[in-house]
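Summary of structural features
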Amino acid sequence: QVQLVESGGGLVQAGGSLRLSCAASGRTFSALNMGWFRQAPGTEREFVAQITLSGTTTNYADSVKGRFTISRDNAKNTVYLQMNSLKPEDTAVYYCTAAHVLRRYYARDDYNYWGQGTQVTVSS
């Protein structure tokens, strides 16, 4: 069992920045692939970013590439999502997620654990 708790969401103007954090407990953090998904009102939950166990490899959705950065600190059992140059279309609930062996980093159904989500709202 793994528990994930997100924090850092809020309201920001377009062009601004936010850093989301996800604290994990209940399992060895370094044994988990970690990722971020988001879900806007009336839409399906979509992939945002993913990072491997060691942190040496990352993947991003095309819509956020160059603006968002995922990182992890295994000593603190925490994964981060640094979001820069935010756009109104980034507005969504952002979810932290974790997986054991990961088959498809972009596929929601391939992750095993989910946080409760944190709201990010970007105003124009």
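Heads up: the structure comes first, above all this text.
Residues numbered from 1 in each chain as written. Predicted model: local features only at pLDDT ≥ 70, side-chain atom pairs only at ≥ 80, totals over all residues. Heavy atoms only, no water.

1. Examining the sheet that holds strand β8 (residues 78-83)
- Pairing is antiparallel across the open sheet formed by four strands, whose spatial order is β1-β3-β8-β7. Bordering the open sheet on either side are β1 (3-7) and β7 (68-73), each of which pairs with just one other strand. On average, adjacent strands in this sheet sit at an angle of 15° to one another, irrespective of strand direction. (Pairing = 2+ DSSP bridges. Helix = DSSP H or I, 4+ residues; strand = E, 2+ residues; numbered from the N terminus. Axes fitted to C-alpha atoms, helices over the stretch in contact; angles between N-to-C directions.)

2. Examining the pattern of salt bridges
- For the coordinates displayed, the defined rule picks out seven salt bridges.
- Two residues, Arg38 and Glu46, come together in a salt bridge whose shortest N-O distance is 2.8 Å.
- Note on Glu46: relative accessible area 37%, which makes it partly exposed.
- Residue Asp110 pairs with Arg104 through a salt bridge whose shortest N-O separation is 2.9 Å.
- Exposure remark for Asp110: the relative accessible area of 17% places this residue in the buried category.
- We classify Arg104 as partly exposed; its relative accessible area is 30%.
- The structure contains a network of salt bridges with shared partners spanning Arg38, Glu46, Arg67 and Asp90. (Salt bridge = Lys/Arg side-chain N within 4 Å of Asp/Glu carboxyl O. Buried < 20%, exposed > 50% of the residue type's maximum accessible area, 1.4 Å probe, protein only.)

3. Some points on the state of the cysteines
- Applying the stated criterion to the full structure yields one disulfide.
- Covalently, Cys22 is tied to Cys96 through a disulfide, its sulfur atoms 2.0 Å apart. One quick way to see it: the torsion about the S-S bond of Cys22 and Cys96 is about -80°, and its sign makes the bridge left-handed. One end of the pair, Cys22, is in strand β3 (residues 18-25); the other, Cys96, is in strand β9 (residues 92-99), and 74 residues separate them in sequence. Of the two residues, Cys22 and Cys96, neither departs from the other in class, the shared state being buried. (Disulfide = S-S within 2.5 Å.)

4. Things to note about unusual backbone geometry
- Of note in this structure, Asn77 is not a glycine but carries a positive phi near 55°.
- Look at Ser85: it is not a glycine, yet its phi comes out positive at around 50°.
- Along the chain, Ser85 turns up in the loop between β8 and β9.
- On the accessibility criterion, Ser85 (43% relative accessible area) is partly exposed.

5. Structural notes on the packing of aromatic side chains
- Counted under the stated rule, the structure contains six aromatic pairs.
- Ring geometry for Phe37 against Trp114: centres 5.3 Å apart, planes inclined by 70°, an arrangement best described as edge-to-face. Of this pair, Phe37 sits in strand β4 (residues 33-39) while Trp114 sits in strand β10 (residues 113-114), and the two are 77 residues apart along the sequence.
- Phe37 sits in the buried class, given a relative accessible area of 1%.
- Three or more aromatic residues joined by ring pairs form one cluster here, namely Phe37, Phe47, Tyr105, Tyr106, Tyr111 and Trp114.
- Looking at Arg45, its charged tip hangs above the ring of Trp114, at a distance of 4.9 Å from the centre. (Phe/Tyr/Trp six-rings, centres within 6.5 Å; stacked < 30°, edge-to-face > 60°. Lys NZ or Arg CZ within 6 Å of the ring centre and 35° of its normal.)

Honestly, it's all geometry; don't read function into it.
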